Amino acid sequence: MELILEGVLKAIKMLISLDREVLDITILSIKVSGIATAISVVIGVTTGTLIAINDFPGKKVALSLVNTAMGLPPVVVGLFVTIFLWRNGPFGFLGILYTPYAIIVAQAVIATPIVTGITVAAMQQLPKKLQLQILALGASRFQMAVILIKEAKLSLFAAVMAGFGGVISEIGASIMVGGNIKGYTRVLTTATVMETSKGNFDVAIALSIILFLLAYFINLILTYIQQKESGSR
Amino acid sequence: MVKDRPILEAKNLRIDRMGVTTLDIPSFKVGEGEILSIIGPNGAGKSTLLMAMCHLFRQFSGIISFKGKEVGRDISPSEYRRHIGLVFQEPLLFNTSVFENVASGLKFRRIDKRNIEKIVMGNLERFGLAPLRNRPARTLSGGEAQRVSLARAFAINPDILFLDEPFSSLDAPTKDNLIYDLEKVIKDSKVTTIFATHERDEALRLSERIVVINNGRMVQDGAPEEVMNYPCNEFVASFMGVETILSGVVLKEEGGILTVSVSGLNIEAVGEAPIDSKVILCIKPEGVFLYPVSIEAQSSARNNFMGEVTRIVSSGFYQKVYLNCGFPLVAYITNASAKSLGVKEGINIRASFKATSIHVIKV
Amino acid sequence: MCFRYIKYGTSVFLMFIIFTVICPPSSAGEKNIILATTTSTQDSGLSDVLIPLFEKKYGYFVKTIAIGSGQAIRMGMKGEADVLLIHSPEEEEKFVSEGFGINRRPIMYNDFVLVGPPSDPAKIIGTGSVVKAFRKIAESKSIFISRGDNSGTNIKERALWRQGGVKYEGERWYHESGLGMGQTLNIASEKRAYTLSDRATYITLKKRLDLTLLFEGDRLLLNPYHVIEVNPLRFPKVNKAGARAFSDFLSSKEAQSIIKVFGVDRFGQPLFFPAAPKKQKGLER
């Protein structure tokens, strides 16, 4: 109990004094996960929209693949990204294993199915006749896709948040492909694990509080969006 | 009915879904400037037919031609769709302002801003929406939203306007006002209009031609009076509001007047049919008159029967009286005459109707 | 009202994307080396002192991957690391003799200690040898937490069981954590179990553990750390110069003197003892 109290107090001190190392780790985490999310949004929203507005043979298979991939375990992604990025692996020439770029790649792989899945669901929630209405107004298929994305904007924003929340709190892939290198690939989750095993509970608690605050912030936005959604329908 | 040059022509339209034919229209033509209603019960295939004619269904066989050009061969479906307007039962507005909604079709066509402003404002005026131009679409009432949807369809100045049950979600006064305004706009713009509805009254108010469809097939195609007064079969008759439909056998024909035996009683009707043939008699409720039993028949009507009132349904301005005269008969009477007649369930009453107010359908 | 919020939300999100895209994470120069090392050098904090100094002096960027010695050796065998700093002598020798590594040099040593609950249920205090102590743990069926991760500590521990002729695999009292030294010590403390730890990590975490040092000082418990460069002839992608520079640095007087005093300020005793041959000059060239 004393330990916890002591840890929490020291953690709060660290947060208030903006401890350099804690701050750097937080900023790196947000940057890495932010870029990974941005990449996954570009790929995921495009793919999701294409799946949603087109009828093609194998659509159900594609959908179930996306839905399965939404729950892809980060360690599995980490393992495969590691194997691909090894010096002697197929993408070894890039030389990005154990760099933040490797974490970005792995996290983008984790977040893309989440964004894709939510995009498809968001599109399918729109009235079915909406597509017909847009086409009947003389839109090209591209113009239709743009309008549909705009209409599903709020749900898509939720998709972004879910993707970001998923990757910033992920550890398995980050530690495997990033290596938890101090000041370089050490992110909130990997640092928390390491500081715990080092016995630096105060730092670990400070990092956890930041992670918790980030998660809380994301959920706050999500809840807000959902209430806006239900209030308007 | 179709004027010389059809603006829209459908040939051998067919949609089969999972082995069931949901639409089968061998030939259908719409003349330039025509206002026609497609009428039929829910699930008859009205919407399906409309969607096929808009070329919005991919799985259908048949040919749609616009101004003589075959869609998909002489003109691409997307190009064809730039000539049509479509309004659904749901307004399906986009989540922006009223102005932006009405402008959307113009923006798809990359029309320059100044023209968009002009066209949109004109159409907002037409539908009485000018004060709402900056309102978010999601804050509109049902009637306002449907007006925006109509203004949006009109903004692109379509050659053909398709309306798919556009009033079905509206309450009666809102609907009346909207139909009144829409009728004016349609007549002013002379746009060819194809209007699907299951409400007979809407069809009668708006259109100059009525196409009745049922089970995906065209049943009757004609002017409103024609369809109303001379339904070609029992289905159309009941759908167009004929309450009494009786089947009988022709006993004799004399001077254009048939004597038809219905449940052992003889009814006289104007029409032509061979003796001993089966016919269907349609008696509209407004053609049936009721008298107290005590008063001897004094009307010139050929058909006079005694009956018992089995049910009375009040519809506000008038009352619908169900009689049993040996055959079922329905009459409409005003509230005032219902009162003076003392109509109530169980009493006997005298009913009469003219031979000319019966429509005879040969079976 | 809600429109303003949506626009606000969208613009915040856009700013966020722009912020993240125009400020990519600081990228390292071309002079990267990958160091595969044991968790004990990281958990004790030694690498946090030595590596920044090396980076500053030599201009390299070191990617420290802290894993068990076994995993580090496997990374070396695939050519995925440039240099190893590990403590698993037998495997190290094999690694070098099979041509995966070159220039194995002793850097430092400390020793393993046997720690356990203060009540010492297996009565190992005062036992003559570590092998006997291990046998007593097995006989009393006291819980023993093994790293189970092929680390240097784990390899040493398994060798000790074998030397005592004890069957330990699959026994109910024998638990494998699969975790680093620090967390394994935490588990042993919570479960009132015995475990084998390197002295450095134990001293670092001692304050928060309910574990007593019960056995030390056997010659078998010596724990030497070596630096090995991954063979550049075998793996052309290896950063040969960087690995050599790092190896030289660890053997240098400066690094050795840091190792000598590391931990004294916090724990009143050093965590490691320098082990590089005293005559530096001859080796550096």
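Quick caveat, the model's predicted, so the values are computed rather than measured.

Quick notes on the overall build of chain B
Link 1 in the chain: Helices and strands together make up the secondary structure of chain B, namely 10 helices and 20 strands.
Link 2 in the chain: Each of the three principal axes of chain B carries a C-alpha extent, and together these read 75 × 45 × 40 Å.
Link 3 in the chain: For chain B, with 363 residues in total, the buried portion stands at 40%.
Link 4 in the chain: Residue pairs in contact within chain B that sit at least 24 positions apart in sequence constitute 67% of those at least 6 positions apart.

Some points on the overall build of chain C
Link 1 in the chain: Broken down by element type, chain C carries 13 helices and 10 strands.
Link 2 in the chain: Buried residues in chain C amount to 46% of all 285 residues.
Link 3 in the chain: Considering only contacts in chain C between residues 6 or more positions apart, those separated by 24 or more positions represent 75%.

Things to note about the sheet that holds strand β20 (residues 358-362) of chain B
Residues and elements named next belong to chain B.
Link 1 in the chain: Spatial strand order, β13-β12-β11-β14-β20: 5 strands in an open sheet with antiparallel pairing. Looking at which strands have only one partner, the edges of the open sheet turn out to be β13 (265-270) and β20. Neighbouring strand axes in the sheet, compared pairwise and without regard to direction, differ in orientation by 45° on average.

Describing the sheet that holds strand β18 (residues 328-334) of chain B
Residues and elements named next belong to chain B.
Link 1 in the chain: Here we have 5 strands laid out as an open sheet, ordered β15-β19-β16-β17-β18, and antiparallel in their pairing. Strand pairing shows two members of the sheet lacking a second neighbour, β15 (288-291) and β18, which therefore form its edges. Adjacent strand axes in the sheet meet at a mean angle of 45° when their direction is disregarded.
Link 2 in the chain: Strand direction decides the pairing type here: β15 and strand β19 (residues 348-353), joined by 4 bridges, are antiparallel. Across the sheet, L290 pairs through a bridge with A351, a residue of β19.

As for the domain arrangement of chain C
Residue and element names in this part refer to chain C.
Link 1 in the chain: Along its sequence, chain C is organised into domain 1 (32-109 + 224-284) and domain 2 (111-221).
Link 2 in the chain: Placing the centre of domain 1 and that of domain 2 at their C-alpha centroids yields a distance of 26 Å.
Link 3 in the chain: With 18 residues of domain 1 in contact, the opposing surface of domain 2 contributes 15 residues.
Link 4 in the chain: Contributing elements (two or more residues each) for the side of domain 1 that touches domain 2: α2 (39-43) and α4 (69-77).
Link 5 in the chain: Looking at the side of domain 1 that touches domain 2, its residues break down into 4 nonpolar, 12 polar and 2 charged.

With respect to the environment of T116 of chain A
All names here are of chain A.
Link 1 in the chain: Tracing the backbone shows T116 in helix α5 (residues 100-125).
Link 2 in the chain: Taking the C-beta count within 10 Å as the criterion, T116 has 31 such neighbours and is therefore assigned buried.
Link 3 in the chain: With 70 residues separating them in the primary sequence, T116 and T46 have C-alpha atoms 7.9 Å apart.
Link 4 in the chain: Those residues within four positions of T116 in sequence are excluded, and the remaining contacts are G44, T47, G48 and V66.

Re the environment of Y194 of chain C
Link 1 in the chain: By the secondary structure assignment, Y194 of chain C is in the loop between α8 (181-191) and β7 (195-198).
Link 2 in the chain: With sequence-adjacent residues up to four places away left out, Y194 of chain C is seen in contact with L114, G116, A122, I137, S142, F144 and A188 of chain C.

Here we look at the nonpolar core
Link 1 in the chain: Grouped together as the largest cluster of nonpolar side chains are 245 residues, with contacts concentrated most on A102 and A106 of chain A together with L35, L84 and L114 of chain C.
Link 2 in the chain: For this core, the element with the highest residue contribution is α5 of chain A, accounting for 16 residues.
Link 3 in the chain: With sequence-adjacent residues up to four places away left out, L84 of chain C is seen in contact with A36, T37, A72, I73, G76, G101, V227 and I228 of chain C.

Some remarks on the pairing of strand β1 (residues 6-17) of chain B
The side chains of a regular strand alternate, first on one face of the sheet and then on the other.
All names here are of chain B.
Link 1 in the chain: Examined bridge by bridge, β1 and strand β2 (residues 20-31) share 10 bridges and lie antiparallel to one another. Its bridge partner being in β2, D16 is matched across the sheet by T21.
Link 2 in the chain: Counted along the chain from β1 to the antiparallel partner β2, the turn is 2 residues long, and its residue M18 has a positive phi close to 50°.
Link 3 in the chain: Strand direction decides the pairing type here: β1 and strand β4 (residues 61-66), joined by 5 bridges, are antiparallel. The residue of β4 that forms the bridge with K11 is I63.

Parameters and conventions
Numbers given to residues run from 1 along each chain, matching the order in which its sequence is written. Labels are handed out in written order, letters beginning with A for the chains and numbers beginning with 1 for the ligands. With the structure being a predicted model, the display of local features is reserved for residues of pLDDT at least 70 and the display and counting of side-chain atom pairs for 80 or more, all residues being used for whole-chain, interface and lining totals. Secondary structure follows DSSP: runs of H or I at least 4 residues long count as helices, runs of E at least 2 residues long count as strands, and numbering of each begins at the N terminus. Buried residues are those with 20 or more other C-beta atoms within 10 Å of their own C-beta, exposed residues have 12 or fewer, and partly exposed residues lie in between; C-beta atoms are placed from the backbone. This entry defines residue contacts through backbone-placed C-beta atoms, with two residues in contact when those atoms are within 7 Å. When DSSP locates at least two bridges between a pair of strands, those strands are taken to pair. Fitting a line to C-alpha atoms yields each axis, with helices limited to the stretch in contact; the angle taken between N-to-C directions then spans 0 to 180 degrees. An automatic or database domain assignment provides the domain bounds reported here. Only Asp, Glu, Lys and Arg are considered charged, only Ala, Val, Leu, Ile, Met, Phe, Trp, Tyr, Cys and Pro nonpolar, and every remaining residue, Gly among them, polar. By convention the nonpolar core is taken to be a set of buried residues drawn from Ala, Val, Leu, Ile, Met, Phe, Trp, Tyr and Cys and joined through C-beta atoms within 7 Å.

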